[in-house]
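Each chain, written out:
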Amino acid sequence: MNRFLLLPALLCISYFTWPVKSGRVTSSFAEFRPDHLHDGVDMISSSYDVFPVEDGELLYMWNKDLFPFDDYTGSGNYKFISHNAFISQYLHLDDSSNSAKKAVTSEPIGKYANTGRSFGNHIHFCIIQPKDWASINPFTLAQPIEDKRQPVISDIAFDIDGKIMIVKDKTTVRLTKDRPLLIKAFDEINKGDRHGLYALKVYHNSKIILDIKFDKIVSKDGQLLLSGRKFEDIFNSSFYLVSGIKWNNGENSFSVRALDYSGNETVKDFTLIANKEF
C-alpha cells in the first residue's frame, strides 16, 4: 500500500531528504518516553555527517564551541534551518564553530554526536510548521524509507493498581469498574526495531473507541497535544491506552488495527469475557 494515499493532502508533498546518508532510524516520532512524547526522529549512519533536509538559511544555533563557558542544554549543540513554510531542527551535534548562513543539501552542517541529554551518538531531527508552531512527523514529509514489515501487536493488558496484567483471547476478567485496556504495539522497519506506530484504531463490539494518528504535535493552552490528546491520555507506561470502554457483562469483542508509515497494517481480533461486579 502506498503510504502517501493515507496522508492529508497538505502532507503529500514528500520533498525533504533525510539528514544522514544511508541512515537507520533508531527512534520514530511520538514514541513513548517516561514523561513525554518523542518529538522527532533519531537516526544514525556509517558517516556522522549531517545534511540539511532542503536548501535553506540558518535561523538559529547554539554550540559549545562558540559559548565555552555555558553548559549544554538538553538538546546539546543544535541548529534551526528555515525552509519558508517549515523549519528543520538538528539536535546533539558535535562541538563546531561552523555558522554558515546558507545551508545546501550537498554540504554538511556538522556531525552528529552525543551532546546534551543523549545516551549515544545520534541525530535528533524535527520539522516545525511555524504558522501554528506544530511539530510535524518527518515521515509524512520526507522521502519514503523502505519498510516491508508489518507492525507487531504483542500484548493486551490491564493496569490493576499499578501492576500490569497481560490477558489472552477468551480470558475471563473480573471488573469492579469500567477499566481501560492497554495495547502493546510497535513497528519494525528492520528486524528487532521497536518504533512507534503511525496510526492506531480500536473497535469494541464493532464500535470505534480509539482513532489516533501520530502525525503532528501541537501546543495549546500550554500543553502538547497529539490528535487532541495529552500524553497521559495516550500512554500508560509503554502501552497505548484505550479508555472510555463501556464493558458488557459477558462477551466483549475487540479489533485492534495498527498502521505504520509505509501503509503496512496488522489487525488483531480478540474477545474478553467480563464478570461485572458493579
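Here's a quick rundown of the structure. (Residues numbered from 1 in each chain as written. Predicted model: local features only at pLDDT ≥ 70, side-chain atom pairs only at ≥ 80, totals over all residues. Heavy atoms only, no water.)

1. Comments concerning the sheet that holds strand β14 (residues 163-167)
The strand order β14-β13-β16-β22-β21 describes an open sheet built from five strands, whose pairing is antiparallel. Each of the sheet's edge strands pairs with one partner strand only, and the pair in question is β14 and β21 (235-236). (Pairing = 2+ DSSP bridges. Helix = DSSP H or I, 4+ residues; strand = E, 2+ residues; numbered from the N terminus.)

2. A closer look at the sheet that holds strand β15 (residues 172-175)
Spatially, the five strands line up as an open sheet ordered β15-β24-β23-β17-β18, and their pairing is mixed. Of all strands in the sheet, those bounded by a partner on one side alone are β15 and β18 (207-213). The average undirected angle you get between the axes of adjacent strands in this sheet is 25 degrees. In this sheet, strand β24 (residues 265-276) lies alongside β15 in parallel orientation, the contact comprising four bridges. Counted as the bridge partner of T172 is I273 from β24. (Axes fitted to C-alpha atoms, helices over the stretch in contact; angles between N-to-C directions.)

3. Things to note about the side chain of H122
Note on placement: H122 falls in the loop between β10 (110-111) and β11 (123-129). When its relative accessible area of 11% is taken as the criterion, H122 is described as buried. At 3.5 Å, the side chain of H122 and the side chain of S118 are in polar contact. Not counting residues up to four positions away in its chain, the partners in contact with H122 are D42, M43, I44, L91, H92, Y112 and A113. (Buried < 20%, exposed > 50% of the residue type's maximum accessible area, 1.4 Å probe, protein only. Polar contact = N/O pair within 3.5 Å; in protein donor to acceptor, adjacent residues only side chain to side chain. Contact = heavy atoms within 4.5 Å.)

None of the figures reported here should be taken as evidence of function without further support.
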